[in-house]
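Listed below, chain by chain, are the residues.
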Amino acid sequence: MQRITIDPITRLEGHGKIEIFLNDEGNVANTYFQIPELRGFERFCVGRPIEEMAVITGRICGVCPEAHHMAAAKAADAVYHVEIPRPAKLLRELLYSAFYVTDHTTHFYALGGPDFVMGPDAPVAERNILGVIHKVGMEIAGKVLQARKAGHTVIEMIGGRKVHPCTSIPGGLSKGITKEQRDEILAMGKWAIEFAQFSLKLFGDIVLGNKAYVDLILGDIYTHRTHSIGMVDDSHKVNFYDGKVSVVDPEGKRLGKYAPSEYTDWIAEHVEPWTYLKFPYLKKVGWKGFVDGKDSGVYFATPLSRLNAADGMATPLAQAEYDKFYATLGGKPVHQRLAIHWARLIELLYAAERWVELVTDPEITSDNFRTIPTAKPTEGVGIVEAPRGTLTHHYWTDERGIVTKANLIVGTTNNYAPITMSIKKAADSFIKRGVVVSEGILNRVEMAFRAYDPCFGCATHSLPGQMPLEVTVRDARGNVVEVLKQFCD
Amino acid sequence: MSKPKFAMYWAAACGGCEIAVLNTNEKILDVDANFDVVFWPVAMDAKYKDVEAMADQSILLTLFNGAIRNDENEHIAHLLRKKSQILVAFGACATQGGIPGLANLSSTPSMVDTAFTTLSTDNPDDLRPQTKYTIPEGEITIPTLYPAVKSLDQVVKVDYYMPGCPPESHQIAAVIDLVVQVLQGKAQLPPTGAVIGAGNSSVCEECTRTRNEKKIAKFTRIQDFKPDPDVCLLEQGILCCGAATRSGCGAVCPKAAVPCVGCYGATDDSPDHGARLLNAVASVIDSRDPVEVEKILDGIPDPAGMFYRFGMPGSLLRASKAAWEDKG
Amino acid sequence: MAQQFEPLIIGFTCNWCSYRAADSAGSMRLKYPPNIRLIRLMCSGRIDTTFVLQAFANGADAVLISGCHPGDCHYVEQNYKAQSRFLLMRRMIAQMGIEPQRLQLLWASAAEGTIFAAEVTKMIEEIRKLGPLNWKGGQLSAVSHQRSAIAEVAV
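Cut-offs and rules
Residues take numbers from 1 onward in each chain, read along the sequence in its written order. To read the labels, note that chains go from A and ligands from 1, taken in the order they are written. In keeping with the predicted nature of the model, local features appear solely for residues at pLDDT of at least 70, side-chain atom pairs appear and are counted solely at 80 or more, and the whole-chain, interface and lining totals rest on all residues. Side-chain metrics rest on all non-hydrogen atoms present in the structure, leaving aside hydrogens and water. As annotated, the domain borders come from an automatic or database domain assignment. Accessible area, probed at 1.4 Å, shrinks when two parts are joined; the buried area is that loss added up over both. Salt bridge, as used here, is a side-chain nitrogen of Lys or Arg placed within 4 Å of a carboxyl oxygen of Asp or Glu. Secondary structure elements are defined from DSSP: runs of H or I of at least 4 residues count as helices, runs of E of at least 2 residues count as strands, and each element is numbered from the N terminus. Polar here means any residue other than Ala, Val, Leu, Ile, Met, Phe, Trp, Tyr, Cys and Pro, which are nonpolar, and Asp, Glu, Lys and Arg, which are charged; Gly is therefore polar. A strand pair is defined by DSSP finding two or more bridges across the two strands. With axes taken as lines fitted to C-alpha atoms, and helix axes fitted only over the stretch in contact, angles between N-to-C directions fall between 0 and 180 degrees. The contact criterion used is simple: two residues touch if any of their non-hydrogen atoms lie within 4.5 Å. The nonpolar core is taken to be a set of buried Ala, Val, Leu, Ile, Met, Phe, Trp, Tyr and Cys residues, with the residues joined through side-chain atoms within 4.5 Å. Exposure is judged per residue with a 1.4 Å probe applied to protein chains only, and the accessible area is read against the type maximum: over 50% gives exposed, under 20% gives buried, and values in between give partly exposed.

Visitor: Quick rundown of the domain arrangement of chain B? Include the residues and the values.
Guide: All names here are of chain B. Once the domains are mapped, chain B shows domain 1 (5–99 + 150–183), domain 2 (108–146) and domain 3 (203–297). Using C-alpha coordinates to define each centre, domain 1 is positioned 30 Å away from domain 2. Summing both partners gives a buried area of about 600 Å² for domain 1 against domain 2, and 53% of it is carried by carbon and sulfur. Inspection of the domain 1/domain 2 interface yields 0 salt bridges. Among the elements of the structure, β4 (68–70) and α4 (71–83) are those that each provide at least two residues to the side of domain 1 that touches domain 2. A per-class count over the side of domain 1 that touches domain 2 returns 1 nonpolar, 1 polar and 5 charged.

Visitor: Give a description of the sheet that holds strand β1 (residues 9–14) of chain C that names residues and reports values.
Guide: Residue and element names in this part refer to chain C. Reading across from one edge, β2-β1-β3-β4 is the order of the 4 strands in this open sheet, with parallel pairing throughout. Edge positions in the sheet fall to β2 (36–41) and β4 (103–107), since each has one partner strand and no second. Mean inter-strand twist for the sheet, computed between neighbouring axes without regard to direction, equals 20°. Contacting β1, β2, β3 (62–67) and β4, helix α2 (residues 49–57) runs over the sheet at an angle of about 150° to β3. Here helix α4 (residues 113–130) sits on the sheet and contacts β1, β2, β3 and β4; the angle it forms with β3, its principal contact strand, is near 160°.

Visitor: Run through the nonpolar core, naming residues and quoting values.
Guide: A:Tyr395 and B:Leu152 are the most contacted members of the largest nonpolar core, which totals 163 residues. Broken down by element, the residue count for this core peaks at 8 residues, all from helix α3 (residues 78–96) of chain C. By size, the runner-up hydrophobic cluster in this structure holds 122 residues, among which are A:Val101, A:Val144, A:Val154 and A:Ala352.

Visitor: Describe unusual backbone geometry, and please don't skip the residues or the numbers.
Guide: The residue after A:Asp7, namely A:Pro8, is reached through a cis peptide bond having omega -5°. Relative to the helices and strands, A:Pro8 resides in the loop between β1 (2–6) and β2 (17–22). Going from B:Cys165 to B:Pro166, the amide bond is cis rather than trans, its omega being -10°. Residue position: B:Pro166 is located in the loop between β10 (160–162) and α7 (169–183). At B:Asp326, a residue that is not glycine, the phi angle is positive and equals roughly 65°. Structurally, B:Asp326 is set in the segment after α12 (321–325). B:Asp326 sits in the partly exposed class, given a relative accessible area of 37%.

Rendered as structure tokens:
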């Protein structure tokens, strides 16, 4: 049996490798996507004070520490049975909205952008952020840097630091913001809205204006009909920071909505012994394997699934884009994975609008940003939407508030099963008998992965543009049949 | 004339160091202008095989962040050491183990057991990940987890240490400036083994709160009272690590009204960060009666976790007995 | 015949009281087993957690901290610092898997040679029963003292 190994997968946060096995006919027999790392947060958080979770779990991911910080903070509030004051909620959500702007910007311009702006078959040397800049101009790079800088300035003002915010404590925040900071945040927020609109227009011109791309997006290769989940507010509109998690089936029917404390009624994690990561699935539907469909418990949690699981966006400009999105793609729900890139930009716009909405609230500069918990700590769950998916933190503590047990279901983990399926389907479709497995072919396999937002990319430069790649093809006895190389010797 | 080569790699890491590098904003263009980036998995597509194919010492500068948790992390550490002239332990995980090092307070089997038996885990056959697994198509592998997490210098020789979780962007920018100046022949690199991008005092030096004599009769958790914003946190009974933690961050956390968590690691000439922290905290306890002292110490519910939050692997004891015995 | 386990104990004593107690035990020809190796500090308050951890990391089965009685410290009140550190250290080493009994505190004045010898003998037997520590985690040579070179700090 021939075998193709991609190790490590690149342009994402975290580690992973893909093993593709070909049968004697030269078609894909099976594909395995393995996660080779485990650090053990659920174990080593035990024995630590609950208030440290907001700081320790940020180190699960330094790209979205804000998400872990908020989920842990909300869980700690729940552990203490304390309701934080309204100004604290506003400040936390404001930080979170600014974070979404930086994070979605980073992904679109350095990851999704190149595959679309340059095209999946563009020469490797151009299919990165540099190519994007050459095609659309240096001005874009400046805007991207500015968007990241603005967002991180807000994160630092409210959260204390640019990476690994530290100000959320049980009962609220350790500090508020001044009127001067509020004015600065407002100016940056207004600019962020313009930047989001610019990004959507760019997507419209370059991607939606190109029939080949539209066909790619609408095509079957990158499509999986699975359930969608995402957090919504009381009006069933997308909310990143607070609300309940809505679950809809592949046809768009809402199966239900769960509050944080109810997550174990809905989500379970399947185990395979060839990887360190588990595969969440919908408990009420059941694990039926890596398959699509209404009867399969596989679900995805991404910007697209959030849009599918909600009834709309809570801000006007984003809502208009939401309507246009579904009108263009033939109605709700949408299952084409490449459309996640578009949904991500709609969320970018919502985040910017929400940023302005929150910072203009009269209570945003209030000094009532914390309350002292009085109840005995016991147990609590905190859920937020990380950019990459629904994030759940669950802690149990003793009467001193020292963690005795922890359960974490992290953003991208939600998507482990659908990503595995997407990779396999792309491999099945592109790697066939008689096809030379070229770099372009393997890139199309990676595009299946990248759509889910593998978390990262260099905001300014994905540098050399030459993707060094080596593919070794072996026969059933392990003898090397062919070695394909590019940009490496 | 080709540009010198640059690489950045993450082992058992979180990506925060990468983001901190990007948060230098325009400074990153100086990296691009002066270097060819040849390996940076987060940002571009070079694979392990490409690094293996490079000539030894052909990479001028490699920034290595993340701790050594498994054999793949160690393998790449050796590989990059071989291929690099200058290897920097970048960030708390590489310099002293970091947050993943907290796993050293328990064993690897207990860590794996915990992850595979959580409340939401569906594991009726009580499976655990196998480092070698046979599937119908062949055999696939995943790395072997070590009994304890290690810092980078516990597996390879390190040329420079850049502490912080992550190193603050203004410090990274300063180091980029220095490196560019060195490339242009306008400056010299510090002696090997040095700590770069940080100060050589403690966080207290950068903290703006006023400090008086400390006499602590009670330690209080941050959620239990509202501290005076202008007075030293430790003085008010909040467990702040600043007194024994290296300066360089600008004391951002105490300025944000939360205690320093010690992410910049030990100060100069301190072989064990936690030991010095323990000394400092114990010394300010205001009691002579051992029974009363014990009661005050109940206000520090997790000494090992607090003192070694970022530095367990880099400490003198390195890991708990549970880790070394591989159980508990 | 099986060799009996011989504990290795490091004893940090203070110049003014406990070290003189040990000394006076010697001059009185009071025997106590050679399992304890004494290190003289000027004051028990000089005890640094680093010393204790280094001792355990490098093969000690137990550590003794010994100083002047409360109220009698040559430097007035530094033995109280030693006491606080000792009590906190005990809690911390317990989390690391080192039994708290392996770290002990003993007040002994210069005149109390007999008491010193008796207490040390008792401690040795206690540790013998407990068994060897054999700490595998620590290797002092692997932890480098990091000199500092400051890059331009642009604050």
